[in-house]
Amino acid sequence: MQSSMMEKLSFLYKPYVLAVLTIGYIAGELGHYLIGVTSKATAIELDYGDQACQQNHTDFLRHELPAQCAEFIIEHECHQQHINGTVYCEWNYNGLGLEYQLLAGPSFIAVFTVMGVVLGVAADRYNRVRMLFVCTLVFAVAILLQGTVKEYWHLILLRMVMAAGEAGCNPLATGIMSDIFPESKRALVMAIFNWGIYGGYGIAFPVGRYITKLDIGGLGWRVCYYGTGVLALIMAVLTGTTLREPERQSIGEDAAGKAKINLVKVLLQPRVLLLVLAASIRHSGGMTFAYNADLYYNIYFPDVDLGWWLFAVTIGIGSIGVVVGGIVSDKVVAKMGIRSRVACLAISQLLATPFAFGSVYFEPLWAMITLGISYFFAEMWFGIVFAVLVEIVPLQVRSTTIGVFLFVMNNIGGNLPILVDPLAKAIGYRGSVMFFYAGFYGISTVLFFITMFFMDGPKPEETAATIGHDPTSHANHVEMGHENNTFQPDDYLPSPHANGHTANGHRNIVSRATPATMAQWRDLLGRAQNLSTAQSGQNLSH
């Protein structure tokens, strides 16, 4: 009876896995991005970062002020600004500065990227569910402890520990999901999971702003970290007790799975290099906005509460963009090949770029409208990038490749925003954010467009009758799916005259499934059968 009930509910297991992995990722990313929202309160209590003249908590609106507080760079001049004897400016930590940029970016990224590679390699060899449980437990405890810190260096250290745990989420979860979900749903599933980054980032706005203001138990911003840590602990327990390690599957076709794969050659493919460069620049733009959005809008519009607007845009509109991007990518890839996924990337970022500029140029109303439009198109990118990646690399090095990919992408994308501070001192905070945020969106558009031409296009149509009905035949699989065994031994194709090029003892057969190749296969098979028949006859005559 119990077994029958479990069989009836088995269809819920895959969505349950996706839900557990995604919520765990959201918790980790919430802990990651909370510093961007709580930074001012954290800086005031822990004494780090820049101090500046800012509007205080009086009830005056910006347009009522005779002079804006940000105009004063000397402390005593800041304190002299008043309306009818009521001082409306204060000199205090603003949550910005080099110490903040180091806290938000490099301290996290340095550990995150190195551990991502290490855990990616381990994921190709060991039980991924158990590893993910340990990783989730590590970052959950680190987030909890961040609520107890007394010194700036405590926060730096705990963010590094948190990064070590969170580094395993993407390569481990991506490997698990690619083994339990079919190709037809891959981009959508990857998009939903990787939306955890933006989900955690979006939730950070109301949590960091309003929970801090509630000052529950006199703990202020610390409650945000306690609550996030508890949620992460729950997801760690569910991961370790309810998920099971799936059987490792190939992506598309893995006909020569036992062949030794040269990881360096996989990583040095021009299409992989271009993809990681484009993704790194795009990621840098996203990280610039993520680390600076709340501080930016608080500085330029201190009397306008945009916390819920930012939450609605990132969670609501961003979510729609993620889903639409995944669905569109999955639908068109069957007709146009992997190249269509990269085309979706280039087009979506092109459409997002002008609206990204508007979100840091206009006043609050139009800033939020243009931000919403930008987010709809911009957030299509992350899931599609990893759907492309797992389709162009072999199964044996899939998780390792993802780890290396994340290492490069996060080192470039996560560390470049540190340049926002020096550039802001030269051209202003708004101009600096605009350049690294919207400007990098535009640069990534060009790079994705170039990358598209290095990807496989649509496969030639071939009927089942022409190829043969054998579902295990190599030809049939190449037509049915995208082969990710980019490198195969030369002796895998018996004829040295087959349609394809050889290099260093390896043959790229991803896009070689042409009708001519199929005819050669049939001819070779016919010769082999004739030879076998002849040899059988000779054996019988003896």
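Residues numbered from 1 in each chain as written. Predicted model: local features only at pLDDT ≥ 70, side-chain atom pairs only at ≥ 80, totals over all residues. Heavy atoms only, no water.

K.L.:
Can you walk me through the overall build of the protein chain in this structure?
P.N.:
Looking only at helices and strands, one finds 22 helices and seven strands in the protein chain. When burial is assessed residue by residue, the protein chain has 54% of its 542 residues classed as buried. By sequence separation, contacts in the protein chain at least 24 residues apart represent 81% of the contacts at least 6 residues apart. Of the roughly 23200 Å² of accessible surface on the protein chain, a fraction of 66% belongs to carbon and sulfur atoms. (Helix = DSSP H or I, 4+ residues; strand = E, 2+ residues; numbered from the N terminus. Buried < 20%, exposed > 50% of the residue type's maximum accessible area, 1.4 Å probe, protein only. Contact = heavy atoms within 4.5 Å. Areas by Shrake-Rupley, 256 points an atom, 1.4 Å probe, with all protein chains shown as cover.)

K.L.:
Honestly, the packing of aromatic side chains in this entry has me stumped. Any pointers?
P.N.:
Each aromatic ring pair is characterised by the separation of its centres together with the angle its planes make. By the definition in use, this model includes 24 aromatic pairs. When the centroid spacing of 6.5 Å and the interplanar angle of 10° are considered together, the rings of Y300 and Y429 count as stacked. Note that Y300 is positioned in helix 12 (residues 270-300) and Y429 in helix 19 (residues 429-452), a separation of 129 residues in sequence. Given a relative accessible area of 24%, Y300 falls into the partly exposed group. Of the residues examined, Y429 reaches a relative accessible area of 12% and is grouped as buried. Centroid distance F435 to F436: 5.0 Å. Interplanar angle 80°. Geometry classified as edge-to-face. (Phe/Tyr/Trp six-rings, centres within 6.5 Å; stacked < 30°, edge-to-face > 60°.)

K.L.:
What am I meant to see in the environment of F377 here?
P.N.:
Along the chain, F377 falls in helix 15 (residues 364-378). Sequence spacing of F377 and G321 is 56 residues, and the spatial spacing of their C-alpha atoms is 5.8 Å. Apart from residues lying up to four places away in sequence, F377 is in contact with S348, Q349, L351 and A352.

K.L.:
What am I meant to see in a nonpolar patch on the surface here?
P.N.:
A grouping of Y361, F362, L365, W366, I369 and I373 is seen on the molecular surface, where their side chains present a nonpolar patch of about 620 Å² in accessible area. Position of F362 relative to the elements: it lies in the loop between helix 14 (338-359) and helix 15. (Patch = residues over 30% accessible without salt bridge, like charges linked within 9 Å, V, L, I, M, F, W, Y side chains within 5 Å. Salt bridge = Lys/Arg side-chain N within 4 Å of Asp/Glu carboxyl O.)

K.L.:
Which parts of the structure should I look at to understand the packing of helix 12 against helix 16 (residues 381-392)?
P.N.:
Each pair of packed helices gets described by two things: the angle between the helix axes and the distance between those axes. Helix 16 packs onto helix 12 with a crossing angle of 165° between their chain directions and a minimal axis gap of 11 Å. Here helix 16 runs roughly antiparallel to helix 12, going by the angle between their axes. In this structure, the crossing between helix 12 and helix 16 has a hand that is left-handed. Of helix 16, the residues touching helix 12 (which contributes R271, V272, L275, A279, R282 and H283) are W381, F382, V385, V388, L389 and I392. When grouped by side-chain class, the residues that make up the contact of helix 12 with helix 16 number nine nonpolar, one polar and two charged. (Axes fitted to C-alpha atoms, helices over the stretch in contact; angles between N-to-C directions. Parallel < 35°, antiparallel > 145°, perpendicular 65-115°, else oblique. Left-handed = near helix turned anticlockwise from the far one by under 90°. Nonpolar A, V, L, I, M, F, W, Y, C, P; charged D, E, K, R; others polar.)

K.L.:
Quick question: what am I supposed to make of the environment of V138 here?
P.N.:
Note that V138 resides in helix 6 (residues 128-146). Separated by 24 residues in sequence, V138 and M162 have C-alpha atoms that sit 6.7 Å apart.

K.L.:
Please clarify how unusual backbone geometry should be interpreted in this entry.
P.N.:
A negative phi angle is the norm for most residues apart from glycine, just as the trans form is the norm for most peptide bonds. Unusually for a residue other than glycine, D47 sits at a positive phi of about 60°. With a phi angle near 50°, D215 is a residue other than glycine that sits in the positive phi range. Tracing the backbone through its elements, the reader meets D215 in the loop between helix 9 (186-214) and helix 10 (222-242).

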